[in-house]
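Spelled out from the first residue to the last, the chains are:
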Amino acid sequence: MPSGALSYETATANHPKKENEMSTTFEINILKNGPAICKGSLIIKDADGKIILQGEKAALCRCGASENQPLCDGAHARIDFQG
Ligand code: FES
């Protein structure tokens, strides 16, 4: 079951976002054999809701080897991650 630590919301017909809640463009680029690069207005929280990163860019680990989860610490290169 997902922890909910990483989530997003979209507007729906029943719950439209107000103008001041509108998101700017958010982009995720999956790097071959590396992390997912996220760009946009980011707030990443841990399972307890503590903000672990707030900024405009983040590299999320896809290989599982990072010692700084959910962020990439470069370990994908050490383990020769393929994906
Ligand atoms: S993708 Fe970089 S450490 Fe996992």
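Residues numbered from 1 in each chain as written. Predicted model: local features only at pLDDT ≥ 70, side-chain atom pairs only at ≥ 80, totals over all residues.

The subject of this paragraph is the overall build of the protein. Per the secondary structure count, the protein includes one helix and three strands. Listed by position from the N terminus, the elements making up the protein come as β-β-β-α. Per-residue burial over the protein gives 7% buried out of 83 residues. For the protein, long-range pairs separated by at least 24 residues make up 25% of all intrachain contacts whose partners lie at least 6 apart in sequence. (Helix = DSSP H or I, 4+ residues; strand = E, 2+ residues; numbered from the N terminus. Buried ≥ 20, exposed ≤ 12 C-beta atoms within 10 Å, placed from the backbone. Contact = placed C-beta atoms within 7 Å.)

The phi angle of most residues is negative, glycine excepted, and most peptide bonds adopt the trans form. Pro70 follows Gln69 through a cis peptide bond whose omega is 5 degrees. Inspection of the secondary structure assignment puts Pro70 in the loop between strand 3 (51–60) and helix 1 (75–78). One non-glycine residue with positive phi stands out, namely Asn33, at about 60 degrees. Structurally, the position occupied by Asn33 is in the loop between strand 1 (27–30) and strand 2 (36–45). In this structure, Asp80 is a non-glycine residue whose phi angle is positive, near 55 degrees.

In this structure, strand 2 lies alongside strand 3, joined through eight bridges in antiparallel fashion. Paired with Ile37 across the bridge in strand 3 is Ala59. Between strand 2 and strand 3, which pair antiparallel one after the other, the connecting turn spans five residues, and Gly49 there sits at a positive phi close to 90 degrees. (Pairing = 2+ DSSP bridges.)

This part is about the environment of Ile52. Note on placement: Ile52 falls in strand 3. In this structure Ile52 comes out as partly exposed when scored by C-beta crowding, with 15 C-beta atoms within 10 Å. Sequence separation between Ile52 and Gln69 is 17 residues; the distance between their C-alpha atoms is 10.0 Å. If sequence neighbours within four positions are ignored, Ile52 has contacts with Ile44, Lys45 and Asp46.

Below, the discussion takes up the environment of Asn29. With respect to the helices and strands, Asn29 occurs in strand 1. Separated by 30 residues in sequence, Asn29 and Ala59 place their C-alpha atoms 9.4 Å apart.

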